[in-house]
Amino acid sequence: MQRRKWIPLALLRKLLISAIACIAFVALFSVRIHIVPSSKDQRFNDKISTAQDLHSWTRELAPPHLSKAPLSTPKLSGTRGYLDYQKLWKPPSNRGFFPCTNPTPKYTTPTESRGYLLVHTNGGLNQMRSGICDMVAVARIINATLVIPELDKRSFWQDTSNFSDVFDEEHFMNSLANDVKIIKKFPNDLVNETKVVKQFISWSGMDYYENEIASLWEEYQVIRASKSDSRLANNNLPPDIQKLRCRACYEALRFSPHIEQLGKLLVERMRSFGPYIALHLRYEKDMLAFSGCTHDLSLVEAEELRMIRENISYWKIKEIDPIEQRSKGLCPLTPKEVGIFLTALGYPSTTPIYIAAGEIYGGESHMAELRSRYPLLMSKEKLASIEELEPFSNHASQMAALDYIVSIESDVFIASYSGNMAKAVEGHRRFLGRGRTISPDKKALVRLFDKLDQGLMAEGKKLSNRIIDLHRRRLGSPRKRKGPISGTKGMERFRSEETFYANPLPDCLCRTEPPPPPLNTSHIV
């Protein structure tokens, strides 16, 4: 009788054990299942895994153009993973600031046009972008009808792209309809009208345009601006003019649909590797020639760059001391220096990095050391097929637009040189409150790199701490735009101001809630 009483208990125990085993088996099986990627480009997605979460990512197979050997990326899980995410990827606080570009109640629709403003933009993509936005504001100030600007076709890149090839022309016109009258083409019946060609004075304020430029309408019906970059002051303009510049830059000046489409696809493909860095590596032939920077280059390479500078007539400065340039922090970081910098900040060798740049000077010979530290270096040429990139080839502005999109969407943006691209991306990310932006202190870094080269310092904790201390506050969090450097006068005073498009605060960012208490940032890069 006693034995029979234990039989149900034994069966119950076996059933419970079996149930637990089944649950464990199902749980184990479920973590091995991968999310099926969804994308129009199945050829790319067949080769990579898109399973990821906030604090972890995995890479199982190589993307196109990379070695077929799989590269493993460690998972950031648990407490350690959370700390790594906080340290390396977490965006800085927006401190309660949000975009505010709506005009004030006093703002009116465009008054009757007094004439036509023709604009010839100059420079690369981002120099032209800011120039176009300035000219929208100028057209408003002088009551002009703005003709869709001509893009620079004579710069170093010899790009034949028209406005509609790079930007969404219809969206641009419609978005600004309540601000400025814009037309696509100059009227045929006015082709023979006498035009005044004017190079507007750089960093000019309202008085200059309302008086000197607007007075030209008394004699001319057409004003042609021969250059567009840096024609408006950064500061001390009416709030509605500043907000108009932001509406033009961040809302109206959208890239053309074919650029937007591929740009978003490149972002999607980078995201398949998890959080990523967009590195604007301005180590290109034109920049090195223009700046006169030759550190770590051979004598042959240095001479080639000098000859380029000598033969381009509109580059006014011909004789440059490369050592002095570098000591002042006026040279782009070399790929090798960028690798040391990223390692010191704590980014592991498995970090996905998108190289936002054109052709790197010297190619693989100068990229080898960076690649040895960070083998997962990606670019538009590696993420997209030859067929996908073919419509953009030989069009530097359109290729730069793709880099711009991937940079804006990145988790971390770092520029090796504080040029037009770096400033434009930094300002746009500030406006959107997106990701962290790290601006290398090149002047201070050069002194550390020189000590490494001289054997006075070694890579390790001491160097890392020095570099982290330098950049703890340089993460792109909201702050008021910097004015002129104390003691500067004349044109140099305006030149020393922080560019409006690098930091649209306070004009286009408003605080909607009280500022949070100061954070303990000792653990943040």
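Just above sits the structure.
Residues numbered from 1 in each chain as written. Predicted model: local features only at pLDDT ≥ 70, side-chain atom pairs only at ≥ 80, totals over all residues. Heavy atoms only, no water.

Looking at this structure, I do not really get a nonpolar patch on the surface. What am I missing?
A contiguous nonpolar surface patch, about 290 Å² in accessible area, is contributed by Phe156, Trp157 and Tyr314. Secondary-structure assignment places Tyr314 in the loop between helix H11 (299-311) and helix H12 (322-327). (Patch = residues over 30% accessible without salt bridge, like charges linked within 9 Å, V, L, I, M, F, W, Y side chains within 5 Å. Areas by Shrake-Rupley, 256 points an atom, 1.4 Å probe, with all protein chains shown as cover. Salt bridge = Lys/Arg side-chain N within 4 Å of Asp/Glu carboxyl O. Helix = DSSP H or I, 4+ residues; strand = E, 2+ residues; numbered from the N terminus.)

Where do I start with the sheet that holds strand E13 (residues 436-438) in this structure?
Across a sheet, strands are paired by hydrogen bonds formed along the backbone, either parallel or antiparallel in direction. Taken together, five strands build an open sheet; the order of strands is E11-E10-E9-E12-E13 and the sheet is parallel. Looking along the sheet, the strands with just one partner apiece sit at the ends: strand E11 (377-378) and E13. Relative to strand E12 (residues 412-415), strand E9 (residues 277-280) runs parallel, the two being bridged by four bridges. Bridge pairing in E12 places Leu279 opposite Ile414. (Pairing = 2+ DSSP bridges.)

Sorry, what's going on with the sheet that holds strand E8 (residues 222-225) here?
In space, the five strands of this open sheet follow the order E6-E5-E4-E8-E7, with parallel pairing throughout. Because the sheet does not close on itself, it has two edges, and the strands there are strand E6 (182-183) and strand E7 (195-198). Where strand E4 (residues 115-119) meets strand E5 (residues 144-147), three bridges bridge the pair, whose relative direction is parallel. Considered in E5, the bridge of Tyr116 is made with Thr145.

Mind showing me how you'd approach the state of the cysteines here?
A covalent bond between the sulfur atoms of two cysteines is what we call a disulfide. A complete count under the given rule lists three disulfides for this structure. What pairs with Cys100 in a disulfide is Cys510, and their sulfur atoms sit 1.8 Å apart. Across the S-S bond of Cys100 and Cys510 the torsion is about 80°, and the bridge reads as right-handed. Of the two residues, Cys100 is situated in the loop between strand E3 (97-99) and E4 and Cys510 in strand E14 (residues 509-511); the sequence distance between them amounts to 410 residues. Judged by relative accessible area, Cys100 falls into the buried class, the value being 17%. What pairs with Cys293 in a disulfide is Cys331, and their sulfur atoms sit 2.0 Å apart. With the S-S dihedral at roughly -90°, the linkage between Cys293 and Cys331 falls on the left-handed side. Note that Cys293 is positioned in the loop between helix H10 (285-291) and H11 and Cys331 in the loop between H12 and helix H13 (335-345), a separation of 38 residues in sequence. (Disulfide = S-S within 2.5 Å. Buried < 20%, exposed > 50% of the residue type's maximum accessible area, 1.4 Å probe, protein only.)

Any chance you could explain the packing of aromatic side chains here in plain terms?
Any pair of aromatic rings gets described here by the distance separating the centres and the angle formed by the planes. Tallied over the full model, the rule gives eleven aromatic pairs. Summarising the aromatic geometry, the rings of Tyr250 and Phe431 are spaced 4.4 Å apart at their centres and angled 20° between planes, so their arrangement reads as stacked. Taken together, the positions of Tyr250 in helix H8 (residues 239-252) and Phe431 in helix H18 (residues 420-432) put the pair 181 residues apart, joining distant regions of the chain. Residue Tyr250 shares its accessibility class with Phe431, and that shared class is buried. Residues Phe500 and Tyr501 carry aromatic rings whose centres are separated by 5.2 Å and whose planes lie at 90° to one another, so their mutual orientation is edge-to-face. What makes Phe500 buried here is its relative accessible area of 0%. Within the aromatic cluster, the residues linked to one another by ring pairs are Phe163, Phe167, Phe172, Phe255 and Tyr404. The side chain of Arg245 reaches across the aromatic face of Phe500, ending 4.3 Å from its centre. (Phe/Tyr/Trp six-rings, centres within 6.5 Å; stacked < 30°, edge-to-face > 60°. Lys NZ or Arg CZ within 6 Å of the ring centre and 35° of its normal.)

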